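# Residue-level structural notes
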Amino acid sequence: FIFLKDFNIAFIESIGRAIGLKTKTLLSSRFNIETKSDQRIIDLGKLIYASKYISGEGGENYQLMENFERNNLLLRVSSYPPQKYEEKGFPFCYG
């Protein structure tokens, strides 16, 4: 791999195959979209006929629900409570 992103993509896809996912990977850089922020997500969603966008925790701090609603795209923010686990030599640190 020349670029770290290529390794990361291959790694993520291999994990997906290992657990039986059949989801196709699409890179936003392959689309001719110049918009930014919420509008970029919305424009990409329209191109692939998406009905829902799942954002990570914290997305509600910068993504405007109205922008998604106005474009018939459901914005869902996922929230997963951190799972504490044993770390060797260091105290557990959330986040």
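Note that the coordinates shown come from a computational prediction; the quantities given were computed from them, not determined experimentally.

Positive phi, normally seen in glycine, also occurs at S37, with a value near 55°. Note on placement: S37 falls in helix α2 (residues 37-47). Despite not being glycine, Y49 shows a phi value in the positive range, around 60°. Assessed through its relative accessible area of 75%, Y49 is described here as exposed.

Here we come to the side chain of D43. Note that D43 resides in helix α2. Setting aside residues no more than four positions away along its own chain, D43 makes contact with I33 and T35.

Here we take up the environment of G56. On the secondary structure map, G56 appears in the loop between β1 (52-55) and α3 (65-70). Taking relative accessible area as the criterion, G56 reaches 39% and is therefore assigned partly exposed. When the C-alpha atoms of G56 and S78 are compared, they prove to be 5.3 Å apart, with 22 residues separating the residues in sequence. Those residues in contact with G56, other than ones at most four positions away along the chain, are V77 and S78.

A full pass over the atoms with the stated rule returns 3 aromatic pairs. Geometrically, the ring pair formed by F7 and F11 is stacked, given 6.1 Å between the ring centres and 15° between the ring planes. Separated by 4 residues within a single helix, F7 and F11 lie in helix α1 (residues 4-18), roughly one turn from each other. Seen from their ring centres, Y53 and F68 are 6.1 Å apart, and the 15° between their planes marks the pair as stacked. Within this pair, whereas Y53 is found in strand β1, its partner F68 is found in helix α3, the two being separated by 15 residues in sequence. With a relative accessible area of 27%, Y53 lands in the partly exposed category. Taken together, the ring pairs in this structure connect F1, F7 and F11 into an aromatic cluster.

Turning our eyes to something else, we now look at a nonpolar patch on the surface. Residues F1, L4, F7, F11, I12, I15, I19 and L21 make up a contiguous nonpolar surface patch of about 910 Å² in total accessible area. Among the structural elements, L21 can be located in the loop between α1 and α2.

What counts, and where the lines are drawn
- Note that residues are indexed from 1 along each chain, following the sequence as it is written.
- This being a predicted model, a pLDDT of at least 70 is required before a residue's local features are given, and a value of 80 or more before pairs of side-chain atoms are given or counted; all residues contribute to the totals for chains, interfaces and linings.
- Values reported for side chains reflect all heavy atoms of the structure, with hydrogen atoms and water molecules removed beforehand.
- In this description a helix means any DSSP run of H or I spanning at least four residues, a strand means any run of E spanning at least two, and both kinds are numbered starting from the N terminus.
- Relative accessibility decides the category of a residue: with a 1.4 Å probe and only protein chains considered, values under 20% of the type maximum give buried, values over 50% give exposed, and everything between is partly exposed.
- By the convention used here, residues are in contact when the closest approach between their heavy atoms is within 4.5 Å.
- Here a Phe, Tyr or Trp ring, Trp counted by its six-membered ring, pairs with any other such ring whose centre lies within 6.5 Å, and the pair is stacked when the planes are under 30 degrees apart, edge-to-face when over 60, and tilted otherwise.
- Like-charged residues are merged into a patch within 9 Å and nonpolar side chains (Val, Leu, Ile, Met, Phe, Trp, Tyr) within 5 Å, provided each residue has over 30% relative accessible area and no salt bridge.
- Areas reported here follow the Shrake-Rupley algorithm with a probe of radius 1.4 Å; residue values treat only the protein chains shown as occluding.
- Put simply, a salt bridge is a Lys or Arg side-chain nitrogen that is within 4 Å of an Asp or Glu carboxyl oxygen.

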